[in-house]
Structure formats: structure tokens, C-alpha cells
Amino acid sequence: KETAAKYTEFVTFTNTELDKKYGESLVVVSTFADSLVKDRVTDINSLGKVADMIFIMGYDFHRPDSDKAGPVAPIDGKGVYSEYDIRTMLNDYVAVMPPSKIILGVPYYGYNWVVKQGEPNAERIPGDDDIGYSQSQTYAKIMDTILEIKPELKWDDLGKSAYFTYTSPETGSIREVYFENDKSLEVKYQLVNEYSLGGVGMWALGYDGGYQELWELLAKYFIK
């Protein structure tokens, strides 16, 4: 709490000094998705008052070291396969700060797990040099895999996330990938407009490579 208070003080100082020097500056601060329910370096109640905008890192609800594969940024699912979800997160944030100050950060990546069997939310198994490892992959890398392997694309209706399973041609191991695509991101962009948020951001620009559909989706929802 003491560190969080000092961080708010630092952001206050930074914003004040930048405004003095440049007029109306724009100070954007990144925060963890769960900053309102866990001890983090940011105190959202005070930070939301002194920062011009908050960029919520709305991802990593599952990670490569999670016990099971699952959505990186689930819309719903709190208490089912994740302790938190995007909808609950947004409700928590807009309760303590103006929605217009919030930027929803979305992942232009997914995770590719080595799993025990090819079923939804499959159990992860430890990787090694023979069977490979669970890892982060960019949207472009995942789309390349889809074009090469041609797996059956599936939909997690609770998390509103795309996923698929396949057998690795290199190692023979079963792998499961959860990732964001134009269908899952569209649900998030609808929420952004529904909550009247300040906008969206992504981690990270360029992760989509030469694929155009994510740009087209942004244009559909945010270019008037």
C-alpha cells in the first residue's frame, strides 16, 4: 500500500510537471487486470484521479505455467476456470473511475500449451526438449499454424475465446492453443462501446504480422 501511494504521488508529479511544460499533456498509466482485487503497485482509486488515462492490461488470465489451458482474456468465467474475468474487471474499474479514462488492453497473442489430451481446458503437462514446451505465440504465428495444420477451430462460449488442439508434426505431442481472433476481439470491442470506455490498446502492435482482419475490425468499431 505504501508503494502504491508513492506511485500515485509520482504520477501526480509527472502529470503536473508535463502540463506545466507542454500544456495539456496526456499521461497514460498501465495497470494489471486484477489491481482492484490484489495487492499491486497501483492503487486504482487514487490513480484514476491523477492519471489522464488508465491502460488496463486485460490479459494473462491463463499463462504458459497455468495448470490447465484456457482463455488468455476471458469475457466471463470467474470462479469456473479463472479467478477473474474481463466483465467483472470492467465492472470493478468503472465503479471507481470514469469509464472515459479507461483503455482496455487486448492481447494480439495467445498461448500454446503441451497438454495431456485434446479436450477443452486440457491439463498442461511439463515440457521438455523432446515433447516441446508451453509458450506464448503472436497472432501471426498462430494464424500461420492454422493455415499449415488446418485444425478444427473451436469456440469457448464462456470465455468468448477461440481455441484449437492439434498434434505437433515436429514432436508428436498434443498441443492446445487459446488465442484472440476477430470474433473474440469483436465481443471485447462491443463491451468497450457498451461501457463508453476511452478506447482500446493492444499488446502488441505488429503481432498480427501481415494479416489485415484485426485492422479491419478496429476500423469497423472505432473509425467513424
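Read on for a plain summary of the structure. (Residues numbered from 1 in each chain as written. Predicted model: local features only at pLDDT ≥ 70, side-chain atom pairs only at ≥ 80, totals over all residues. Heavy atoms only, no water.)

### As for helix α6 (residues 213-222)
One turn of an α-helix holds 3.6 residues; hence residues three or four places apart share an orientation. Rule in force here: Accessible area is worked out with a 1.4 Å probe on protein chains only. A residue is then buried under 20% of its type maximum, exposed over 50%, and partly exposed in between. Strands here mean DSSP runs of E at least two residues long; helices mean DSSP runs of H or I at least four residues long; both are numbered from the N terminus. Throughout, the arc means the angular range of directions from the helix axis out to the C-beta atoms. Residue contacts are counted whenever heavy atoms from the two residues lie within 4.5 Å of one another.
What α6 keeps buried is the set Leu214, Leu217, Leu218 and Tyr221. Along the long axis of α6, the arc covered by the buried residues comes to 100°, so they all point the same way. What points out from α6, more than 90 degrees from its buried face, is the exposed set Glu216 and Lys220. Tucked into the core, α6 has its buried residues touching α4 (139-149), α5 (182-194) and β9 (199-203).

### Let's talk about the layout of surface pockets
Quick reminder of the rule: Only protein atoms enter the 1 Å grid, on which a cavity is a set of points fitting a 1.4 Å probe that cannot get out and a pocket is an open set with protein on both sides within 12 Å along at least 5 of 7 lines, lining residues being those with an atom within 4 Å of a point. Grid points are joined across faces, edges and corners, and a volume is the space filled by probe spheres set on the points. Throughout, the ten residues Ala, Val, Leu, Ile, Met, Phe, Trp, Tyr, Cys and Pro are labelled nonpolar, Asp, Glu, Lys and Arg are labelled charged, and all others, Gly among them, are labelled polar.
When its volume is computed, the largest pocket comes out at roughly 410 Å³. Here the residues of the lining of the largest pocket sort into 8 nonpolar, 2 polar and 6 charged. Lining the second largest pocket are 13 residues, with Gln137, Lys141, Thr145, Tyr166 and Glu170 positioned closest to its centre. Mapped onto the lining of the second largest pocket, the elements with two or more residues apiece are β5 (135-138) and α4. At 5 residues, α4 tops the list of elements feeding residues into the lining of the second largest pocket. Tallied by class, residues from the lining of the second largest pocket come to 3 nonpolar, 5 polar and 5 charged.

### Observations regarding the nonpolar core
Short version of the rule: Within this scheme, the nonpolar core is defined by two criteria: the residues are buried Ala, Val, Leu, Ile, Met, Phe, Trp, Tyr or Cys, and they are joined through side-chain atoms within 4.5 Å.
Residues Ile54, Ile86, Met89, Tyr93, Tyr108, Phe179 and Tyr189 are the most contacted members of the largest nonpolar core, which totals 45 residues. Excluding anything up to four places from it in sequence, Met89 contacts Ala33, Ile56, Gly58, Phe61, Tyr84 and Leu104. Counting 13 residues, the second-largest nonpolar core is a separate cluster that includes Val72, Ile103, Val115 and Tyr178.

Everything listed here is a matter of coordinates, which is why it stays silent on function.
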